[in-house]
Amino acid sequence: QLTPDFYNTTCPNASNIILGVLQNAFNSDIRITASLIRLHFHDCFVNGCDGSILLDNVANDTSIDSEKFSMANNNSARGFEVVDAMKTALESACPGIVSCADILAIASEQSVNLSGGPSWTVPLGRRDGRTANRSLADQNLPTPFQTLDLLKGRFRNVGLNDNTDLVALSGAHTFGRAQCQFFSQRLFNFNGTGNPDPTLNATLLAQLQQLCPQGGNGSVLTNLDLSTPDGFDNDYFSNLQANNGLLQSDQELFSTSGADTIPIVNNFSSNETAFFESFAVSMIRMGNLSLLTGTQGEIRSNCRRVNANNLSTISSSDGGLVSSI
Ligand code: HEM
Ligand SMILES: [Ca+2]
Ligand SMILES: [Ca+2]
């Protein structure tokens, strides 16, 4: 029920306005493209693509349990100020029209494209939700410490498939950064063996042991893609073939014996066009997860807060007495 021309009459410049803000941010922060697509992913996996990840906690309001404090997002998810700038620009051009959920979907496509990846036509018309669910984020978002079986389960759980969608979308780790704390379990005593992860390339292992010593600072950053850290290309997959995946969850796709994901990695590694085409298809599938459309939800005027003037909301500060409806 989403459609690419959703804003054609109501906000014809929506896409250009978002692109202008993105380009401006990209000029001073080449990582922003990676950070923004990750926000869309973390949004869609929790109650669908409804902008829930963008909501801040509100004092005395327990209906918002900000997902920003979930394990996967806390001190990790970034780019919120850029989304705010996009929203502000859109509200001044066409107030109350473009949802925060759609901003994330549009900015994701533009981010991939700006970084050298494919473009695709983004279906639009998502509505913003009025809740956030931190514990559901903890339940639904995959972790970098999971085995292939568990990763597959998290994808199936939200309605994506556990082979092509999983492998293609993991290819987003072709750009962006990760902190030591998310891969250091591989470096010294993997799974209690007393040895590093055997599926980690020895040269990369030595570099990472230097960067992330035991007892060191877990928030030190390194590139997810060893060979082309900022370019959106298929090097992620050739890295996996050389045991140069940074996260355990990356390397699992290629190093789990007999897995159906291995031939997909091999195909994407040898055929960038196949990867780009699959990536676009899977991004659209992810962007379609459990949508609010029509009159469900709302169009937030500030991506960090639900709208106050909704008649279905009873203010908690007046004890639930609403006199002015
Ligand atoms: C398959 C399971 C996945 C796991 C376990 C996973 C895990 C992670 C982790 C641990 C980080 C580093 C965060 C940090 O150090 O603060 C990261 C970064 C990132 N992830 Fe994933 N991810 C997965 C799938 C995806 C998908 C499906 C996408 C997008 C379609 C994606 C896009 C990104 C990007 C672009 C970054 C870099 C962000 C930045 O530099 O700000 N990831 N991921
Ligand atoms: Ca969501
Ligand atoms: Ca790359």
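Residues numbered from 1 in each chain as written. Chains lettered and ligands numbered in written order. Predicted model: local features only at pLDDT ≥ 70, side-chain atom pairs only at ≥ 80, totals over all residues. Heavy atoms only, no water.

Under an unreviewed UniProt entry, the name given to the protein is Peroxidase, and the source organism is Citrus maxima. Here the protein is described in UniProt, under the heading Function (unreviewed entry), as follows: "Removal of H(2)O(2), oxidation of toxic reductants, biosynthesis and degradation of lignin, suberization, auxin catabolism, response to environmental stresses such as wounding, pathogen attack and oxidative stress. These functions might be dependent on each isozyme/isoform in each plant tissue." UniProt's Subcellular location (unreviewed entry) comment on the protein is quoted here verbatim: "Secreted". (UniProt positions renumbered as here; feature names shortened; annotations may be inferred.)

Q: Can you walk me through the coordination of the iron atom of ligand 1 in this structure?
A: Here the protein supplies the iron atom of ligand 1 with just one donor, His173 (NE2), and that contact is 2.1 Å long. Relative to the helices and strands, histidine 173 resides in the loop between helix H7 (164-170) and strand S3 (177-179). (Donors = N, O, S within 2.8 Å, 3.2 Å for Na, K, Ca; no water. Helix = DSSP H or I, 4+ residues; strand = E, 2+ residues; numbered from the N terminus.)

Q: Would you mind going over the packing of aromatic side chains with me for this structure?
A: Pairs of aromatic rings are described using the distance from one ring centre to the other and the angle between the two planes. Applying the stated criterion to the full structure yields 14 aromatic pairs. Note on tryptophan 120 and phenylalanine 279: the rings are 6.1 Å apart at their centroids and 70 degrees apart in plane angle, and the pair reads as edge-to-face. One end of the pair, tryptophan 120, is in the loop between helix H4 (100-114) and strand S2 (132-133); the other, phenylalanine 279, is in helix H12 (residues 272-287), with 159 residues separating them in the sequence. Accessibility classification places tryptophan 120 together with phenylalanine 279 in one group, the buried group. Between phenylalanine 175 and phenylalanine 232, the aromatic rings sit 5.3 Å apart at their centres with planes inclined by 85 degrees, giving edge-to-face as the arrangement. Residue phenylalanine 175 is located in the loop between H7 and S3, and its partner phenylalanine 232 is located in the loop between strand S4 (221-223) and helix H9 (235-241); the two are separated by 57 residues in the primary sequence. (Phe/Tyr/Trp six-rings, centres within 6.5 Å; stacked < 30°, edge-to-face > 60°. Buried < 20%, exposed > 50% of the residue type's maximum accessible area, 1.4 Å probe, protein only.)

Q: Looking at this model, I keep getting lost on the site of ligand 1. Mind explaining?
A: Taken together, 26 residues sit near ligand 1, with Arg31, Ser35, Ser76, His173 and Gln179 positioned nearest. Contacts to ligand 1 include arginine 177, whose backbone N or O atom sits 2.8 Å from an oxygen atom. For ligand 1, an oxygen atom lies 2.6 Å from a polar atom in the backbone of glutamine 179. Assessed atom by atom at 2 Å from the grid points, ligand 1 resides in the largest pocket. At the level of elements, helix H2 (32-44), H7 and S3 are the ones that each hand at least two residues to the shell around ligand 1. Here the shell around ligand 1 is built from residues that sort into 14 nonpolar, eight polar and four charged. (Near = heavy atom within 4 Å. Polar contact = N/O pair within 3.5 Å; in protein donor to acceptor, adjacent residues only side chain to side chain. 1 Å grid on protein atoms, 1.4 Å probe; cavity = no way out; pocket = protein on both sides within 12 Å on 5 of 7 lines; lining within 4 Å. Sits in = over half its atoms within 2 Å of the grid points. Nonpolar A, V, L, I, M, F, W, Y, C, P; charged D, E, K, R; others polar.)

Q: Would you explain helix H3 (residues 80-93) in this entry?
A: A turn of α-helix holds 3.6 residues, and therefore any two residues three or four places apart point the same way. An ideal rise of 1.5 Å per residue puts 20 Å on 14 residues; H3 measures up with 20 Å between its terminal C-alpha atoms. Restricting attention to buried positions, one finds in H3 the residues Phe80, Val82, Val83, Met86, Lys87, Leu90 and Glu91. Against helix H1 (14-28), H2 and H4 lie the buried residues of H3. (Expected span 1.5 Å × (residues − 1). Contact = heavy atoms within 4.5 Å.)

Q: How do you make sense of the state of the cysteines when you look at a structure like this?
A: Such a bond, covalent and formed between the sulfur atoms of two cysteines, is termed a disulfide. Here the structure, examined in full by the defined rule, presents four disulfides. Shown here is the disulfide that connects cysteine 44 with cysteine 49, its sulfur atoms set 2.1 Å apart. Every disulfide takes its handedness from the sign of the S-S torsion; for cysteine 44 and cysteine 49 that torsion is 115 degrees, giving right-handed. Each member of the pair, cysteine 44 as well as cysteine 49, carries the same accessibility label: buried. Paired by a disulfide, cysteine 180 and cysteine 212 hold their sulfur atoms 2.1 Å apart. An S-S torsion of about -70 degrees defines the bridge between cysteine 180 and cysteine 212 as left-handed. In this pair, cysteine 180 sits in the loop between S3 and helix H8 (202-211) while cysteine 212 sits in the loop between H8 and S4, placing the two residues 32 residues apart along the sequence. Cysteine 212 shares its class with cysteine 180; the two are buried. Across the protein, the way the bonded cysteines pair up, counted in sequence order, is 1-4, 2-3, 5-8, 6-7. (Disulfide = S-S within 2.5 Å.)

Q: How do you make sense of the layout of surface pockets when you look at a structure like this?
A: Estimates place the volume of the largest pocket at around 910 Å³. Lining the largest pocket are 42 residues; nearest its centre among them are Arg38, Phe41, His42, His173 and Leu247. Of all the elements in the fold, those that place two or more residues in the lining of the largest pocket are H2, helix H5 (134-140), helix H6 (148-158), H7, S3, helix H10 (248-255) and H12. Top contributing element to the lining of the largest pocket by residue count: H2, with seven residues. Split into classes, the residues belonging to the lining of the largest pocket amount to 25 nonpolar, eleven polar and six charged. (Points joined across faces, edges and corners; volume = space filled by probe spheres on them.)

Q: Would you mind showing me how to read the UniProt feature "binding site: heme b" (unreviewed entry) in the protein here?
A: Residues given the UniProt feature "binding site: heme b" (unreviewed entry) here are His173. Filtering out sequence-adjacent residues up to four positions away, histidine 173 remains in contact with Leu224, Asp225, Tyr236, Leu247 and Asp250.

Q: Looking at this model, I keep getting lost on the UniProt feature "binding site: Ca(2+) 1" (unreviewed entry) in the protein. Mind explaining?
A: Look at the UniProt record and you will see "binding site: Ca(2+) 1" (unreviewed entry) annotated at Asp43, Val46, Gly48, Asp50, Ser52 and Glu67. Spanning 25 residues, the named residues nonetheless gather at one spot, since no C-alpha pair among them exceeds 13.0 Å. Mapped onto the elements, valine 46 comes out in the loop between H2 and strand S1 (64-65). Residues within four places of valine 46 in sequence aside, it is in contact with Ser52, Glu67, Asn133, Leu136, Ala137, Asn140 and Leu141. Relative to the helices and strands, serine 52 is located in the loop between H2 and S1. For serine 52, a relative accessible area of 0% gives the class buried. Excluding residues that lie within four positions of it along the chain, serine 52 makes contacts with Asp43, Val46, Glu67, Thr131, Ala132 and Arg300.

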